[in-house]
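If you want the building blocks of each chain, they are given just below.
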Amino acid sequence: MVYVKNCETYEKGAVLECVREIFDRYNILDDVSGLTVAVKPNLVCKKTPEHAATTHPSIVWAVCKLLKDAGADVVIAESPSGFYEPGILKSLYKVTGIEQAAIESGARLNFDTTVTEVDNPRGKYLKKLKILTPLAKADRIINIAKLKTHGMMVYTGAVKNLFGSVAGLEKTQYHFQLSDYNEFADCIIDIFLANAPVFNIIDAVVAMHKAGPTAGEPYTLNKILASTDGFELDVVATTIVKVDPMRVPVLRSAIQRGFVSSNASSIAVVGDATKSGTVQQVDNFVVKYNDDMTRLHFSDGILGKMMAASMRPRPVFNKSKCRACNECVNCCPAKVIYIENKGGKKYAKVKLDGCIRCYCCQEVCMFKAVKIKKPWLNKIVVRNKSK
Ligand code: SF4
Ligand code: SF4
């Protein structure tokens, strides 16, 4: 069952009432007294809430306040893109508004940067993995994702949000070792299963479309979505923005592994935004980059693979926008980005030969200096395949 709640503002009182209604419907607060509940927002990067790249602090505040009022010990934990260390967490919490949300709700902010190994019997590839200690040690996890497009994975919502339970640059190792999108998608699912959040919320009051997950544009959806089932939640969320779940690698793998149906109409949807059980859809939500990558299926032969490889969108670095901050250099799993110094002007460059097309560089660049460009052949083939 997925709860779709209309919410037209981030004004705290209104958000609190929406979250309270959702929690009541699922009896979330009934037995949390005395438990440690870890709240996992999406704080992918140090951007203010207006950018719509991170979970809005009003929603984090409302969730934490209700849990605290019900007697839980609440800790907010997240590992952003890039380094995972206390100084970076401090400024991340401040800029994203989460520090204030914690102060006002009484929740604790996590600064423990250790990891803890957990068993994952339902995992396909990851039977054991290391996740953030506060998530591993919590009695319960509540996942608060943001609805966004994603350069590599098309869409990010509930399931993908738990990739942030992997500490810092360890994430780049997953990218590097699993450059095949489908295998990477299976690992994202494994990581979600290892965390097993008891409840999932998606902040879709203002979502992000176009060049998400960090360089896109806000898209006002006026909704908070929630479910105990993260897979069902993502299928309903993608359906609302008219993205076929089968074009989202994580959801396609989840469907193939039997975790969820691809058919949103088979999922019970309750709350405001339904008309006789159907999901109301919106127009003009734009998936800019890799929406077409999953349509580039050729034969598995050498020629087919070569054709697909030559048509993969590539990262392009804008010299004049680049501030040579080194974020992308540090985050690149393939270590193919370097800083050029020409006549005193420093800027990032990439050796495309080794690039695995994970688009982490685009994700971490605070200055929108990285764009993902499609080769002309890609545009022609995808256009024809779409007809
Ligand atoms: S491209 Fe962006 S992240 Fe990379 S060095 Fe330049 S400004 Fe920093
Ligand atoms: S250059 Fe960018 S897309 Fe290529 S491997 Fe490095 S981070 Fe990933």
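The rules behind the values
Residues numbered from 1 in each chain as written. Chains lettered and ligands numbered in written order. Predicted model: local features only at pLDDT ≥ 70, side-chain atom pairs only at ≥ 80, totals over all residues. Helix = DSSP H or I, 4+ residues; strand = E, 2+ residues; numbered from the N terminus. Buried ≥ 20, exposed ≤ 12 C-beta atoms within 10 Å, placed from the backbone. Contact = placed C-beta atoms within 7 Å. Axes fitted to C-alpha atoms, helices over the stretch in contact; angles between N-to-C directions. Parallel < 35°, antiparallel > 145°, perpendicular 65-115°, else oblique. Nonpolar A, V, L, I, M, F, W, Y, C, P; charged D, E, K, R; others polar. Near = placed C-beta within 6 Å. Core = buried A, V, L, I, M, F, W, Y, C linked by C-beta atoms within 7 Å. Left-handed = near helix turned anticlockwise from the far one by under 90°. pLDDT = per-residue confidence, 0-100. Pairing = 2+ DSSP bridges. Expected span 1.5 Å × (residues − 1).

Caption draft 1: Examining the overall build of the protein more closely. Helix and strand counts for the protein stand at 14 helices and 17 strands. Residues classed as buried in the protein amount to 49% of the 387 residues present. Contacts in the protein between residues at least 24 apart in sequence constitute 74% of all its contacts with a sequence separation of at least 6.

Caption draft 2: Representation of the packing of helix H8 (residues 181-195) against helix H10 (residues 249-256) within the structure. Close contact between H8 and H10 brings their axes to 8 Å; oriented N to C, the two are set at 75 degrees. Regarding the angle of H8 to H10, the classification is roughly perpendicular. Of the residues in H10, those in contact with Tyr181, Asn182, Ala185, Asp186, Ile188 and Ile189 of H8 are Pro249, Val250, Ser253 and Ala254. Class assignment for the residues of the contact of H8 with H10 results in 7 nonpolar, 2 polar and 1 charged.

Caption draft 3: Quick peek at the site of ligand 2. Taken together, 14 residues sit near ligand 2, with Cys332, Ala334, Cys355, Cys358 and Cys361 positioned nearest. Residue composition of the shell around ligand 2, by class: 13 nonpolar, no polar and 1 charged.

Caption draft 4: Structural detail: the nonpolar core. Val39, Val63, Cys64 and Leu225 are the most contacted members of the largest nonpolar core, which totals 116 residues. No other element matches H8, which puts 9 residues into this core. Residue contacts for Val63: discarding those within four places in its chain leaves Val19, Val39, Ile142, Ile144 and Ile201.

Caption draft 5: Quick look at the packing of helix H1 (residues 12-26) against helix H2 (residues 57-69). Contact pair H1 / H2: the axes reach a minimum separation of 9 Å and the direction vectors enclose 55 degrees. What the angle tells us is that H1 and H2 run oblique. Regarding H1 and H2, the two cross each other, and that crossing is right-handed. For the pair H1 and H2, the contacting residues are Lys12, Val15, Leu16, Val19, Arg20 and Phe23 in the first and Ser58, Ile59, Trp61, Ala62, Val63, Lys65 and Leu66 in the second. When the residues that make up the contact of H1 with H2 are grouped by side-chain class, the tally is 9 nonpolar, 1 polar and 3 charged.

Caption draft 6: Layout of the confidence of the model for the protein. Mean pLDDT for the protein: 91, with 90% of residues reaching 70 or above. For the stretch residues 294-299, pLDDT sits under 50, and the model shows 14 contacts to residues farther than four places along the chain or on other chains.

Caption draft 7: Just unusual backbone geometry, in detail. Between Gly212 and the following residue, Pro213, the backbone shows a cis peptide bond with an omega angle of 15 degrees. By the element assignment, Pro213 lies in the loop between strand S9 (199-209) and strand S10 (217-227). Unusually for a residue other than glycine, Lys242 sits at a positive phi of about 60 degrees. On the neighbour-count criterion, Lys242 (12 C-beta atoms within 10 Å) is exposed. Not every positive phi belongs to a glycine, and Ala324 is a case in point at roughly 55 degrees. Locating Ala324 in the fold gives a position in the loop between strand S14 (314-317) and helix H12 (327-331). Judged by C-beta crowding, with 15 C-beta atoms within 10 Å, Ala324 ranks as partly exposed.

Caption draft 8: Representation of the environment of Ile59 in the model. One can find Ile59 in helix H2. Setting aside chain neighbours within four positions, we find Ile59 in contact with Val15, Val19, Ile144, Ile201, Asp203 and Ile224.

Caption draft 9: Fine view of H10. Among the residues of H10, those classed as buried are Pro249, Val250, Leu251, Ser253 and Ala254. Looking at the buried positions of H10, the neighbouring elements they touch are strand S8 (154-156), helix H6 (158-161), H8 and helix H9 (230-240). Just beyond H10, the residue with positive phi is Gly258, at close to 85 degrees.

Caption draft 10: Spatial organisation of the pairing of strand S17 (residues 370-373). Only one face of S17 is buried, namely the one carrying Val370 and Ile372, since none of Lys371 and Lys373 on the opposite face is buried. Relative to S17, S14 runs antiparallel, the two being bridged by 4 bridges. Each bridged residue has a counterpart across the sheet, and for Pro315 the counterpart in S17 is Ile372.

Caption draft 11: Spatial organisation of the environment of Leu169. With respect to the helices, strands and loops of the structure, Leu169 is situated in the loop between H6 and helix H7 (170-177). Note on Leu169: 15 C-beta atoms within 10 Å, which makes it partly exposed. Taking the C-alpha atoms as reference, Leu169 lies 7.4 Å from Ser81; in sequence the two are 88 residues apart.

Caption draft 12: Representation of H2. The end-to-end C-alpha separation of H2 is 18 Å, in line with the 18 Å expected for 13 residues at 1.5 Å each. With respect to burial, H2 is a largely interior element, 11 of its 13 residues being buried. Taken residue by residue, H2 has Pro57, Ser58, Ile59, Val60, Trp61, Ala62, Val63, Cys64, Lys65, Leu66 and Leu67 as its buried positions. One or two steps after H2, the chain reaches Gly71, where phi turns positive at roughly 100 degrees.

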